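Close look at the chain arrangement
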Amino acid sequence: MALDSSSVCQRCSSNVESVDHLLIHCHVVYDIWFYFLRSAGRLSAMPQSVERVVVSWKGYNLMEQGKQLWRKLQAAIMWVVWLARNAKFFNSKDIKVPDIIRDIKIQAFNWAKGASCFAGTELYPSSDLFLPHK
């Protein structure tokens, strides 16, 4: 389902902007997902729908802090991609991929830091789970 039947993707300008395209299949967004998947050593094919991404997103073999971050990461990716889309659509502001990746890291950390496993620790976006963007 398209967000607006006449709306072309604000990122790639090559497809109708459906929810699945916007959040996982646009080639720019797809690269963002694989940046994080590669960082965590989890290379696999992306599911075909946002619903399948949510259902299949598991933090196997991670310490508790990693699991907490991993659980927040998929929502942070979708949220920050959505905010970047809106910045371009409504304000003509093109947010670059390295900035989107940085904002995703910050958002995931901010959502995760309330978990008891992070008590007394500082969170930095350059943790082992999320490697610096190259």
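Up top you'll find the structure we're talking about.
Residues numbered from 1 in each chain as written. Predicted model: local features only at pLDDT ≥ 70, side-chain atom pairs only at ≥ 80, totals over all residues. Heavy atoms only, no water.

Bringing the packing of helix H4 (residues 64–91) against helix H5 (residues 97–112) into the picture now. One can describe the packing of H4 onto H5 by two numbers: an axis separation of 8 Å at closest approach and a directional angle of 135 degrees. When the interaxial angle is binned, H4 and H5 end up oblique. Where H4 crosses over H5, the handedness of that crossing is right-handed. Residue-level contacts link Gln68, Leu69, Lys72, Leu73, Ala75, Ala76, Ile77, Trp79, Val80 and Ala84 of H4 to Ile100, Asp103, Ile104, Gln107, Ala108, Phe109, Trp111 and Ala112 of H5. Here the contact of H4 with H5 is built from residues that sort into 14 nonpolar, two polar and two charged. (Axes fitted to C-alpha atoms, helices over the stretch in contact; angles between N-to-C directions. Helix = DSSP H or I, 4+ residues; strand = E, 2+ residues; numbered from the N terminus. Parallel < 35°, antiparallel > 145°, perpendicular 65-115°, else oblique. Left-handed = near helix turned anticlockwise from the far one by under 90°. Contact = heavy atoms within 4.5 Å. Nonpolar A, V, L, I, M, F, W, Y, C, P; charged D, E, K, R; others polar.)

Before going further, it helps to spend a moment on the packing of aromatic side chains. A full pass over the atoms with the stated rule returns three aromatic pairs. A centroid spacing of 4.9 Å and a plane angle of 90 degrees characterise the contact between Tyr35 and Phe36, whose relative ring orientation is edge-to-face. The residues Tyr35 and Phe36 share a single accessibility class, namely buried. Residue placement shows Arg85 over the ring face of Phe89; its charged tip is 4.4 Å from the ring centre. (Phe/Tyr/Trp six-rings, centres within 6.5 Å; stacked < 30°, edge-to-face > 60°. Buried < 20%, exposed > 50% of the residue type's maximum accessible area, 1.4 Å probe, protein only. Lys NZ or Arg CZ within 6 Å of the ring centre and 35° of its normal.)

Another aspect to go through is the packing of helix H2 (residues 27–39) against H4. Running from amino to carboxyl end, H2 crosses H4 at an angle of 160 degrees, the nearest separation of the two axes being 11 Å. The angle between the axes of H2 and H4 places the two elements in the roughly antiparallel class. Pair H2 / H4 crosses with right-handed handedness. For the pair H2 and H4, the contacting residues are Val29, Ile32, Trp33, Phe36 and Leu37 in the first and Trp70, Leu73, Gln74, Ile77, Met78 and Val81 in the second.

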